[in-house]
Structure formats: structure tokens, C-alpha cells
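Residue-level structural notes
Residues per chain are reported as follows:
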Amino acid sequence: KSAGQIERSGWSVDISGAAARLVNYTLWKEYGLDESSWEPNMQGKISIEAPYMLNLLGLRFRVGAEVGTFGFIDLTSRGAELKGVSAILLASIPAGPGKIKMGTGVFGKSMGFVFEATYGIALGSLDLRLGLRSTELISAIDDKDRSLGHLGWMDGLIVLGVNF
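Parameters and conventions
Residues numbered from 1 in each chain as written. Predicted model: local features only at pLDDT ≥ 70, side-chain atom pairs only at ≥ 80, totals over all residues. Heavy atoms only, no water. Helix = DSSP H or I, 4+ residues; strand = E, 2+ residues; numbered from the N terminus. Buried < 20%, exposed > 50% of the residue type's maximum accessible area, 1.4 Å probe, protein only. Contact = heavy atoms within 4.5 Å. Areas by Shrake-Rupley, 256 points an atom, 1.4 Å probe, with all protein chains shown as cover. pLDDT = per-residue confidence, 0-100. Salt bridge = Lys/Arg side-chain N within 4 Å of Asp/Glu carboxyl O. Pairing = 2+ DSSP bridges. Core = buried A, V, L, I, M, F, W, Y, C linked by side-chain atoms within 4.5 Å. Polar contact = N/O pair within 3.5 Å; in protein donor to acceptor, adjacent residues only side chain to side chain.

1. Structural notes on the overall build of the chain
- Looking only at helices and strands, one finds 1 helix and 10 strands in the chain.
- By the burial criterion, 42% of the 164 residues in the chain qualify as buried.
- The long-range fraction of contacts in the chain, counting pairs at least 24 apart against all pairs at least 6 apart in sequence, stands at 58%.
- Here the chain has roughly 8500 Å² of accessible surface; of this, 67% comes from carbon and sulfur atoms.

Here it is, written out as C-alpha cells:
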């Protein structure tokens, strides 16, 4: 069978790496920072999706969970860090060798949500995808216990997906 004809209804595992950009200009203005003040770390994520396709008002999706890392280092004299582990509940909409994911969960000490869109090629039970992801934190707190308020960033992603 060709990659487009394979039924992708089993368990799905995605392993992704990301390069982030901190994009909350409100934060920079409030604290007198500029774009180069926060240096992003490389991020890694692993998600698993259940083999059940749900249908709500004609929208077909799968549910899953994701664990990942995030991190930014403040390059000013404060030397603060905003980093940690994320745990997210996901809804995933498969689209051929692409996916749209939405989810909410915990990012370090803060609640937040994500929206991700990836597309690529299917090679049998493997997917290789590129995409973008937006992450928004409701009330971020750095390691110096300073509340940074609402902030968000965009990631460029590369994803390897395996379907069992």
C-alpha cells in the first residue's frame, strides 16, 4: 500500500524538537527589555495519542497527552530563567501526513495552552513533518519568583511521528 492508503487508527507517538522565539512585546515594554534579552533553549517534546477517533459536530479528532521542556534565559544582569517541564492534554486533528493539535496544561508553575500545525510526508507508518506552534502562558513566573504575566512564544518544529 502507498503511504496515503495506510489506515492511521492505531496508537500514535510524536517526537519533536523545537527552536523558540519569545514574542511577548508587552513583557519587554513593561520591564524595559528588548528582544535580545531572552535567549531560548532548544525544546523537546513527546506526545502519545489514543487510537480512538472521536466525532463532535462533524469534526474528527483524537485525544492524547504530551510531556515536553521549555526554557528561556534572561541575558540581563538579573540572570533569571523561565524554564521547566510541560504536561499537556491534547486534541489532535489528523490531516493526511499532517496534524493540527490543540491543548491545555501546566508549564512549570503556570497554566497555558498550545496550538500547533504541522505537515510533511508519510513513509509507511512514519511521518516526517515540519510546522509551527504557538504557546501561551496565562501567568508565567521565572525562577526569581517574579510574575511575568501573560506571555507567549512561537516554535519552529520538526516532528517524527510513528503510528502503531
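2. Points about the confidence of the model for the chain
- Scored by pLDDT, the chain comes out at a mean of 85, with 85% of its residues at no less than 70.
- Across the chain, element-level confidence peaks in strand 7 (residues 98-107) with a mean pLDDT of 96 and bottoms out in helix 1 (residues 25-30) with 57.
- Here residues 1-6 is a poorly scored stretch, pLDDT under 50, and it has 6 contacts once near neighbours within four places are set aside; other chains count.

3. Examining the pattern of salt bridges
- Scanning the entire structure with this criterion turns up 11 salt bridges.
- Note that Glu66 is salt-bridged to Arg133, the shortest N-O span being 2.7 Å. Here Glu66, found in strand 5 (residues 59-74), pairs with Arg133, found in strand 9 (residues 126-141); they are 67 residues apart in sequence, far enough to count as distant.
- The class for Arg133 is buried, based on a relative accessible area of 1%.

4. Things to note about the pairing of strand 6 (residues 81-95)
- Note that strand 5 and strand 6 share 12 bridges and pair antiparallel. From the neighbouring strand, Val63 faces strand 6, where its bridge partner is Ala91.
- Taking the residues between adjacent antiparallel strands as the criterion, strand 5 and strand 6 are bridged by 6 residues, where Gly79 takes a positive phi near 65 degrees.
- Pairing analysis gives 10 bridges linking strand 6 to strand 7, with the strands arranged antiparallel. For Leu90, the partnering residue across the bridge sits in strand 7 and is Gly103.
- Linking strand 6 back to strand 7 in an antiparallel pair, the connection comprises 2 residues, with Gly96 at a positive phi of about 65 degrees.

5. Points about the nonpolar core
- Leu82, Leu151 and Trp153 are the most contacted members of the largest nonpolar core, which totals 14 residues.
- Elements represented by at least two residues in this core include exactly strand 5, strand 6, strand 9 and strand 10 (147-163).

6. Comments concerning the side chain of Asn163
- By the element assignment, Asn163 lies in strand 10.
- Given a relative accessible area of 12%, Asn163 falls into the buried group.
- A distance of 3.2 Å separates the side chain of Asn163 from the side chain of Ser12, its partner in a polar contact.

7. So, the environment of Ile48
- Its place among the elements puts Ile48 in strand 3 (residues 42-49).
- A relative accessible area of 40% places Ile48 in the partly exposed class.
- With 34 residues separating them along the chain, Ile48 and Asp14 place their C-alpha atoms 6.5 Å apart.
- Not counting chain neighbours up to four residues away, the residues in contact with Ile48 comprise Trp11, Ser12, Val13, Gly64 and Ala65.

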